[in-house]
Amino acid sequence: KKNTMSSLVRVAEEKDFPQILAIWQEGIIETFPEIGVTDKMLQKFKNNFSQREAHHFWIAEDEDIILGWQSYLPCTNNPVKAELYAEGSTYIQKNYRGKGVAFKLYRAALNYLKNHTNIMYIFGFVAPDNEPAFKIAHAFGFNKIGLIEGKAKGIHKIDTKIFVVNHLDKDY
């Protein structure tokens, strides 16, 4: 496994999409093996990425290999709140987890969001058994608000998640 200390964090570009998509699919298949990635999900993901200037996608790369990515998507269509609330997502390639990639992504993205956007609150969801993800989110100011209980409906099944929020009230 590579040392990621030389990795670079930057805003995602069109050329990055195939690698970002592959990392996302890997994470979705791990998290939702019974569903996998549907055509509808794939189209929504492509739409989100195509609007990345407004949705804030960052990547961590090393020698043209994307190690992980992070996005902050609007989480409401309410015109009053749309620029104020975002939902954060972080996906790291399996081979690069625990190597400092998420740390670099969080630091760069949260500082940018705090200082250059109107976003005031970032929401996130962490699997209770994903201790490394909760630990880094908490280190970057995400506080546990509660649990979203697991539920199934049709082919969809969501396991219990820890609901976290960051108020973007400090420098990272």
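A quick note: this is a predicted structure, and the numbers were derived from the prediction, not measured. (Residues numbered from 1 in each chain as written. Predicted model: local features only at pLDDT ≥ 70, side-chain atom pairs only at ≥ 80, totals over all residues. Heavy atoms only, no water.)

### Digging into the overall build of the protein
Logical step 1: If you tally the helices and strands in the protein, you get five helices and nine strands.
Logical step 2: Each helix (α) and strand (β) of the protein, taken in turn from the N terminus, gives the series β-α-α-α-β-β-β-α-β-α-β-β-β-β.
Logical step 3: At 16 Å, the protein has a C-alpha radius of gyration in line with the 16 Å of a compact globule built from 172 residues.
Logical step 4: Taken across its 172 residues, the protein has 40% of its residues classed as buried.
Logical step 5: When contacts within the protein are restricted to residue pairs at least 6 apart in sequence, long-range pairs at least 24 apart make up 66% of them.
Logical step 6: Accessible area for the protein stands at about 10,000 Å²; split by element, carbon and sulfur atoms hold 53% of it.
Logical step 7: Across the protein, the mean location of the 22 positive side-chain charges is 3 Å away from that of the 20 negative side-chain charges. (Helix = DSSP H or I, 4+ residues; strand = E, 2+ residues; numbered from the N terminus. Rg over C-alpha atoms; globule rule 2.2 N^0.38 Å. Buried < 20%, exposed > 50% of the residue type's maximum accessible area, 1.4 Å probe, protein only. Contact = heavy atoms within 4.5 Å. Areas by Shrake-Rupley, 256 points an atom, 1.4 Å probe, with all protein chains shown as cover. Lys, Arg positive; Asp, Glu negative; His and termini not counted. Charge placed at Lys NZ, Arg CZ, Asp CG, Glu CD.)

### Topic: the pairing of strand S9 (residues 161–166)
Logical step 1: In terms of burial, S9 is a largely internal element, five of the six residues being buried.
Logical step 2: As paired elements, strand S5 (residues 121–126) and S9 share five bridges and run antiparallel to each other. The residue bridging phenylalanine 123 from the neighbouring strand is valine 165, located in S9.
Logical step 3: Alignment of strand S6 (residues 143–148) against S9, held across five bridges, turns out to be antiparallel. Of the residues in S9, the one forming a bridge with lysine 144 is valine 164. (Pairing = 2+ DSSP bridges.)

### Notes on unusual backbone geometry
Logical step 1: Phi is positive for aspartate 64, which is not a glycine, with a value near 70°.
Logical step 2: Tracing the chain through its elements places aspartate 64 in the loop between strand S2 (57–62) and strand S3 (65–74).
Logical step 3: On the basis of relative accessible area, aspartate 64 is assigned to the exposed category, the value being 57%.
Logical step 4: Here the phi dihedral of leucine 168 falls at roughly 45°; this positive angle occurs in a residue that is not glycine.
Logical step 5: Of note, leucine 168 is situated in the segment after S9.
Logical step 6: Given a relative accessible area of 8%, leucine 168 falls into the buried group.

### Structural notes on the sheet that holds S2
Logical step 1: Read across the open sheet, the seven strands follow the order S1-S2-S3-S4-S5-S9-S6; overall the sheet is mixed. In this open sheet, the two edge strands, each paired with only one partner strand, are strand S1 (8–11) and S6. Across this sheet, the average inter-strand angle for adjacent strands is 25°, counted without regard to direction.
Logical step 2: Two strands pair when backbone bridges link them, and S1 and S2 are joined in this way by four bridges, in the antiparallel orientation. Looking across to S2, one finds that arginine 10 is bridged to isoleucine 59. (Axes fitted to C-alpha atoms, helices over the stretch in contact; angles between N-to-C directions.)

### Details of the packing of helix H1 (residues 17–31) against helix H2 (residues 39–50)
Logical step 1: Closest axis-to-axis distance for the H1/H2 pair is 12 Å, and the angle between their directions is 135°. On the basis of their axis angle, the class for H1 and H2 is oblique. In this structure, H1 crosses over H2, and the sense of that crossing is right-handed. Where H1 approaches H2, its residues Phe17, Ile20, Leu21, Trp24 and Gln25 are matched on the opposing element by Met41, Leu42, Phe45, Lys46 and Phe49. (Parallel < 35°, antiparallel > 145°, perpendicular 65-115°, else oblique. Left-handed = near helix turned anticlockwise from the far one by under 90°.)

### Here we look at the nonpolar core
Logical step 1: Tyr72, Tyr106, Leu110, Leu113 and Ile122 are the most contacted members of the largest nonpolar core, which totals 26 residues.
Logical step 2: When contributions to this core are tallied by element, the ones reaching two or more residues are S2, S3, strand S4 (85–92), helix H4 (101–116), S5, helix H5 (131–139) and S9.
Logical step 3: By size, the runner-up hydrophobic cluster in this structure holds 18 residues, among which are Ile20, Ile23, Ile35 and Phe45. (Core = buried A, V, L, I, M, F, W, Y, C linked by side-chain atoms within 4.5 Å.)

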